[in-house]
Amino acid sequence: MGQSLTALFFVKQVSEVLKNNRICKMLGIEYPLFQGGMAWAATAELAAAVSNGGGLGIIAAATTPPDILEQEILKARALTDRPFGLNIMLLSPTSADATELAAKHRVPVVTTGAGVPGRVINRLKPLGTIVIPVVASVAHAKRVEKQGADAVVAEGMEAGGHIGELTTMALVPQIASAVGIPVIAAGGIADGRGVAAAFALGANGVQLGTRFICCMECIAHDNFKQALVEARDRDTAVTGRSTGHPVRCLRNKLTAEFERLEYEHAPVEEIERLGVGKMRSGIIEGDLEWGSLMAGQSSGMVNDVRPAAEIIRDVFDEAGAVLRNISAHGE
Ligand code: TUI
């Protein structure tokens, strides 16, 4: 079989398989792929590009003021006819407002992070919203299933931003065995090999964050995108373990200063003060030295900036090829 025919065969095979996928059926999407709800970076433009590419694009509510967030939701509606999501960061003082906006605008899917989402589930489930919490432990996964979650994102500590303790490799199979609802694997996944591995671990879908910073439709500053393209395997660091808010970012002067303060047991308020405003300066203004460049361990695997739809298609083509190759040759 010639190269192009082989490729066609893979594509057809993958799309046939995905027709029966639980996440695709539940959400009415083509590929069981979520784009992570990354603060500052996950805008309506990015979410719509991912949804138009057949995945589930997700707007990050983060700490966005409600009037601006409402505009983002309306913008996503204008840019895509397909389902999209809103990520509600539960540590944020604006999380209740974000929940009300999801209700008002009937956002089809809501993911939550960094906390216990009982109130979000209780408010939105009766409206028919699909609620999918991000969890980092088996206990939390079981709890949200009982509370009525439709699925969970099991996020390993390879991920960027606020993380738990377990790796994706250990977390996903344990959660997949513990719950009956579908599981979406996150953390350390940026290509088709990661997707194939996630399915082998028992996941029904995947969430990619870092990979989508480096896409054309992401508003992150070019400095940040270029830093990710150049990053290698050990270029992220986790700070904030001592304050109870561990966060993974690209290493820079800011992470070194966090490490120094933590090593010296500086007061928690002083450590937390250092982080104020740093996400904006890093992600939007491109300050590579003092900005907070939240990114996962897959940074070393992200080597180019491409359109979202192309990333999604290539990742699933590659996953199909990987799975076929393993079953045919075991290579
Ligand atoms: O939430 C994320 N990633 C984030 S949030 C964020 S903004 C932020 N900035 C500074 C400090 C803290 C946050 C940047 N990145 N991912 C989802 C996620 N949720 N990862 C881990 C968790 C999590 C952790 C503990 C969820 C629940 C939880 O506790 C549940 C319990 O049982 O207490």
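Going by the structure above, here's the rest.
All residue numbers refer to position in the chain's written sequence, counted from 1. Only residues with pLDDT of 70 or above have their local features reported here, since the model is predicted, and side-chain atom pairs are shown and tallied only from 80 upward, although totals for entire chains, interfaces and linings are computed over all residues. Each side-chain value is derived from all of the structure's non-hydrogen atoms; neither hydrogens nor water enter the calculation.

Asks: Tell me about the overall build of the chain, and please be specific about residues and values.
Replies: Each helix corresponds to a stretch of at least 4 residues labelled H or I by DSSP, and each strand to a stretch of at least 2 residues labelled E; elements are numbered beginning at the N terminus. The helix and strand inventory of the chain stands at 15 helices and 11 strands. Throughout, the radius of gyration refers to the C-alpha atoms, and the reference size of a globule is 2.2 Å times the residue count to the power 0.38. For a compact globule of 331 residues, the expected C-alpha radius of gyration is about 20 Å, and the chain comes in at 19 Å, within 12% of that figure. Judged by the C-alpha coordinates and their principal axes, the chain covers about 60 × 45 × 40 Å. Burial analysis of the chain (331 residues in total) assigns 53% to the buried set. Sequence-distant contacts, at least 24 apart, represent 60% of the contacts inside the chain between residues at least 6 apart. Computed by Shrake-Rupley with a 1.4 Å probe, the accessible areas treat only the displayed protein chains as cover when residues are assessed. For the chain, the accessible surface area stands at approximately 14,700 Å², while carbon and sulfur atoms represent 54% of it. In summary, the charge assignment counts Lys and Arg as positive and Asp and Glu as negative, without counting His or the chain termini. The location of each charge is read from NZ of Lys, CZ of Arg, CG of Asp or CD of Glu. The distance from the centre of the 31 positive side-chain charges to the centre of the 36 negative ones in the chain is 6 Å. Exposure is judged per residue with a 1.4 Å probe applied to protein chains only, and the accessible area is read against the type maximum: over 50% gives exposed, under 20% gives buried, and values in between give partly exposed. Two residues qualify as a contact provided that any one of their heavy atoms is within 4.5 Å of a heavy atom in the partner residue.

Asks: Run through the pattern of salt bridges, naming residues and quoting values.
Replies: A side chain with one charge may pair with a side chain of the opposite charge, provided their charged atoms come close. In what follows, salt bridge is the name for a side-chain nitrogen of Lys or Arg lying within 4 Å of a carboxyl oxygen of Asp or Glu. By the definition in use, this model includes 15 salt bridges. Lys-75 is the salt-bridge partner of Glu-45, the closest N and O atoms lying 3.4 Å from each other. Of this pair, Glu-45 sits in helix α3 (residues 44-52) while Lys-75 sits in helix α4 (residues 66-79), placing them 30 residues apart in sequence. The exposure class of Glu-45 is partly exposed, given its relative accessible area of 32%. For Lys-75, a relative accessible area of 33% puts it in the partly exposed group. Within this structure, Arg-211, Asp-304, Arg-306, Glu-310 and Asp-314 form a network of salt bridges that share partners.

Asks: Lay out the sheet that holds strand β8 (residues 183-186) in plain terms, naming residues and giving numbers.
Replies: With parallel pairing, the eight strands of this open sheet are ordered in space as β1-β9-β8-β6-β5-β4-β3-β2. Looking at which strands have only one partner, the edges of the open sheet turn out to be β1 (33-35) and β2 (57-60). Between one strand axis and the next, the sheet turns by 25° as a mean value, whatever way the strands run. Summarising the sheet, β1 and strand β9 (residues 205-208) pair through three bridges and their orientation is parallel. Within the sheet, the bridge partner assigned to Gln-35 lies in β9 and is Leu-208. Only C-alpha atoms enter the line fits that serve as axes; for helices the fit covers just the stretch in contact. Angles between N-to-C directions range over 0 to 180 degrees. Relative to strand β3 (residues 84-89), helix α5 (residues 95-104) is tilted by about 160°, and along the sheet it contacts β3 and β4 (109-113). Of the strands in this sheet, β5 (130-135) and β6 (152-155) touch helix α7 (residues 138-147), which is tilted by about 165° from β5. At least two DSSP bridges between two strands are required for those strands to pair.

Asks: How would you sum up the packing of α7 against helix α8 (residues 168-178)? Please name residues and give values.
Replies: Helix-helix packing is characterised by the crossing angle of the two axes and by the distance between the axes. Running from amino to carboxyl end, α7 crosses α8 at an angle of 35°, the nearest separation of the two axes being 9 Å. Both α7 and α8 take part in a crossing whose hand is right-handed. In this structure, α7 contributes Val-138, Ala-141, Lys-142 and Glu-145 to the contact, and α8 contributes Gln-174, Ile-175 and Ala-178. Of the residues in the contact of α7 with α8, the class split is four nonpolar, one polar and two charged. In a left-handed crossing the near helix is turned counterclockwise from the far helix by less than a right angle, and in a right-handed crossing that turn is clockwise. In the scheme used here, Gly and all other residues not listed as nonpolar or charged are polar, with Ala, Val, Leu, Ile, Met, Phe, Trp, Tyr, Cys and Pro taken as nonpolar and Asp, Glu, Lys and Arg as charged.

Asks: Please give an account of the site of the ligand that cites residues and values.
Replies: Neighbouring residues are identified by heavy atoms, a residue being near a molecule or strand if any of them is within 4 Å of it. Close to the ligand lie 15 residues, the nearest being Ala-114, His-140, Arg-143, Glu-155 and His-162. Taking Arg-143, its side chain carries an N or O atom lying 2.8 Å from an oxygen atom of the ligand. Take His-162: an N or O atom from its main chain is 2.9 Å from a nitrogen atom of the ligand. Contact with the protein chains hides 73% of the accessible area of the ligand, taken as 710 Å² for the molecule alone. As used in this structure description, the phrase polar contact means that two N or O atoms lie within 3.5 Å; if the pair is within protein, one of them must be able to donate a hydrogen and the other to accept it, and residues adjacent in sequence are counted only when both atoms belong to side chains.

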